[in-house]
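Secondary and tertiary structure notes
Spelled out, the chains give:
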Amino acid sequence: MVDTSLELFGCGHRACGGCGPALAARLILKGAGENSIVAASTGCMEVFSTPYPETAWQVPWIHSLFENASAVASGIEASLKRQGRSEHVLCICGDGATFDIGMLCISGAFERGHDITYICYDNEAYMNTGVQRSGATPYDASTTTSPAGKESFGNKRPKKDMPQILVAHGAPYVATASVAYPNDLMQKVERAVNTPGPCYLQIHAPCSTGWGFEGGKTMEIGKLAIQTGLWVNFEMVDGEIAKAKKVVRKPVDEYLMAQKRFRHLFKPARNEEEIAKIQAIADANAAKYGIDIKPKE
Ligand SMILES: Cc1ncc(C[n+]2csc(CCOP(=O)(O)OP(=O)(O)O)c2C)c(N)n1
Ligand SMILES: [Mg+2]
């Protein structure tokens, strides 16, 4: 078992108050332990944690381009293997870097079968450059490139199913986690770094600035995503669903109403048609992963 009392991601960095990705970084390193090397793409996490000449990272850390952290990690892993060394090699990258621009390099690294753990901290948009939509942005969320207004209800595309894409590459371990469930997150990181071959973990990491909520509510928002079924915490081992967190589901409204990025669905008037479409996404998630617990009579 890894010693989770170690703080390998230091305080004093420059993240916003209540930053989900900052919490993710801290928990990831607790789960991975000190025998780790991190390759990180350009994005909020890199910017707030490594303002030159300071760094919050207490393990070896290398900055890559926006698009190629997994190629950098592949090279590190190949070199360590040749030297007979045993460090865990991790990529920690945003959703823009993962779902969009880094896809080619990720696919290559997984196809070549490198022994790396690729972790996407998913704040569901390109936050560092000012909240532009990514392939991870949920349906109807308002971003600066999918603004809600007279002609639009926000992002018109559903969130890309990135975990399934990595399952299709034959990844032995693919999982999702949330900063709102820290023990589960740390255990999944520990399992991923100790599973031979390329593993993928996608972490729900609420962004108070981009999603529009008070920084003190990060955990509450994270829990609501799970409780509504809009985010499912699951594990897939060798392509099969091994575990998924069950819940007594709440209506999606509770999650949506708590965030300014969905405000247009409730003001000036409640948009029943669009809210029903988002409820259908949660219902489909629940059916796919079998997460429903029937409430007691
Ligand atoms: C090739 C390239 N295109 C665009 C950029 C500008 N850029 C830097 S970070 C970023 C967004 C990162 O989004 P994400 O990966 O989701 O991380 P986040 O900032 O949300 O944490 C962009 C577009 C860049 N650095 N390189
Ligand atoms: Mg992002």
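Residues numbered from 1 in each chain as written. Chains lettered and ligands numbered in written order. Predicted model: local features only at pLDDT ≥ 70, side-chain atom pairs only at ≥ 80, totals over all residues.

What about the overall build of the protein?
The condition that has to hold: Helical segments are the DSSP runs of H or I of at least four residues, strand segments are the runs of E of at least two, and each set is numbered from the N terminus. Atoms considered for the radius of gyration are the C-alpha atoms alone. The globule rule reads 2.2 Å times the number of residues to the power 0.38. Field definition: a residue is buried when 20 or more other C-beta atoms are found within 10 Å of its C-beta, exposed when 12 or fewer are, and partly exposed for counts in between, with C-beta atoms placed from the backbone. We call two residues in contact when the distance between their C-beta atoms, placed using the backbone, is within 7 Å.
Within the protein one finds eleven helices and eight strands. Computed over its C-alpha atoms, the radius of gyration of the protein comes to 19 Å, within 12% of the 19 Å expected for a compact globule of 297 residues. Judged by the C-alpha coordinates and their principal axes, the protein covers about 60 × 45 × 35 Å. When each of the 297 residues of the protein is scored for burial, the buried share is 48%. Restricting to contacts in the protein with at least 6 residues of sequence separation, those with at least 24 account for 69%.

Quick word on the packing of helix 1 (residues 20-32) against helix 7 (residues 182-193)
Convention followed: To define axes, lines are fitted to C-alpha atoms, for helices over the stretch in contact only, and angles between the resulting N-to-C directions are given on a 0 to 180 degree scale. Roughly parallel means an angle under 35 degrees; roughly antiparallel, over 145; roughly perpendicular, 65 to 115; everything else is oblique. Handedness of a crossing is defined here by the sense of rotation of the near helix relative to the far one, left-handed for an anticlockwise turn of less than a right angle and right-handed for a clockwise turn. As a working rule, the residues Ala, Val, Leu, Ile, Met, Phe, Trp, Tyr, Cys and Pro are called nonpolar, Asp, Glu, Lys and Arg charged, and the rest polar, with Gly in that last group.
For the pair helix 1 and helix 7, the least separation of the axes is 7 Å and the interaxial angle reads 50°. Classified by the angle between their axes, helix 1 and helix 7 sit oblique to one another. You can see that helix 1 and helix 7 cross each other, and the crossing is right-handed. Between helix 1 and helix 7, the residues in contact are Leu 27, Ile 28, Lys 30, Gly 31 and Ala 32 and Pro 182, Leu 185, Met 186, Gln 187, Val 189, Glu 190 and Val 193, respectively. Of the residues that constitute the contact of helix 1 with helix 7, the class distribution is eight nonpolar, two polar and two charged.

Remarks on the pairing of strand 3 (residues 88-94)
Test applied: Between any two strands, at least two bridges found by DSSP are needed for them to pair.
Taken across its seven residues, strand 3 has seven buried, putting it largely inside the fold. What you see with strand 3 is no split at all: His 88, Leu 90, Ile 92 and Gly 94 on one side and Val 89, Cys 91 and Cys 93 on the other are buried throughout. As paired strands, strand 1 (residues 36-40) and strand 3 are joined by five bridges and run parallel to one another. By the bridge assignment, Val 38 is partnered in strand 3 with Leu 90. Here strand 3 runs beside strand 4 (residues 117-122); their pairing, made up of five bridges, is parallel.

Regarding helix 9 (residues 218-228)
Every buried residue of helix 9 is listed here: Thr 218, Ile 221, Gly 222, Leu 224, Ala 225, Ile 226 and Thr 228. As for helix 9, its buried residues are in contact with helix 1, strand 5 (173-178), strand 6 (199-204), helix 8 (208-211), helix 10 (253-257) and helix 11 (272-289). A positive backbone phi angle near 85° is found at Gly 229, which sits one or two residues after helix 9.

Here we look at the nonpolar core
So the rule is basically this: In this usage, the nonpolar core is the set of buried Ala, Val, Leu, Ile, Met, Phe, Trp, Tyr and Cys residues whose C-beta atoms join them within 7 Å.
The biggest cluster of nonpolar side chains holds 84 residues, and the ones touching the most others in it are Cys 91, Ile 92, Ile 119 and Ile 203. Counting residues per element, this core draws most heavily on helix 1, which supplies eight residues. Here Ile 119 is in contact with Ile 28, Leu 90, Cys 91, Ile 92, Leu 201 and Ile 203, once residues within four sequence places are set aside.

Focus: unusual backbone geometry
With an omega of 10°, the peptide bond between Tyr 52 and Pro 53 qualifies as cis. Within the secondary structure, Pro 53 is located in the loop between helix 2 (44-49) and strand 2 (61-63). Here the residue pair Lys 267 and Pro 268 is connected by a cis peptide bond, since its omega of 5° sits within 30 degrees of zero. Inspection of the secondary structure puts Pro 268 in the loop between helix 10 and helix 11. Positive phi, normally seen in glycine, also occurs at Glu 124, with a value near 65°. The residue Glu 124 is located in the loop between strand 4 and helix 6 (162-168) in this model. Even without being glycine, Asp 238 reaches a positive phi, approximately 50°. Within the fold, Asp 238 resides in the loop between strand 7 (234-237) and strand 8 (240-244).

Points about the site of ligand 1
Rules: Any residue whose C-beta atom, as set from the backbone, lies within 6 Å of a molecule or strand is reported as near that molecule or strand.
Residues in close proximity to ligand 1 total 17 residues, the closest being Gly 43, Cys 44, Gly 94, Gly 96 and Asn 128. At the level of secondary structure, the elements contributing two or more residues to the shell around ligand 1 comprise helix 2 and helix 4 (95-101). In terms of residue count, helix 4 provides more of the shell around ligand 1 than any other element does, three residues in total. Residues of the shell around ligand 1, tallied by class, amount to seven nonpolar, eight polar and two charged.

Details of the environment of Trp 231
Structurally, Trp 231 is set in the loop between helix 9 and strand 7. Sequence separation of Trp 231 and Asn 285 is 54 residues, and the distance between their C-alpha atoms is 7.9 Å. Leave out the neighbours within four places in its chain, and Trp 231 touches Ser 178, His 204, Ala 225 and Ile 226.

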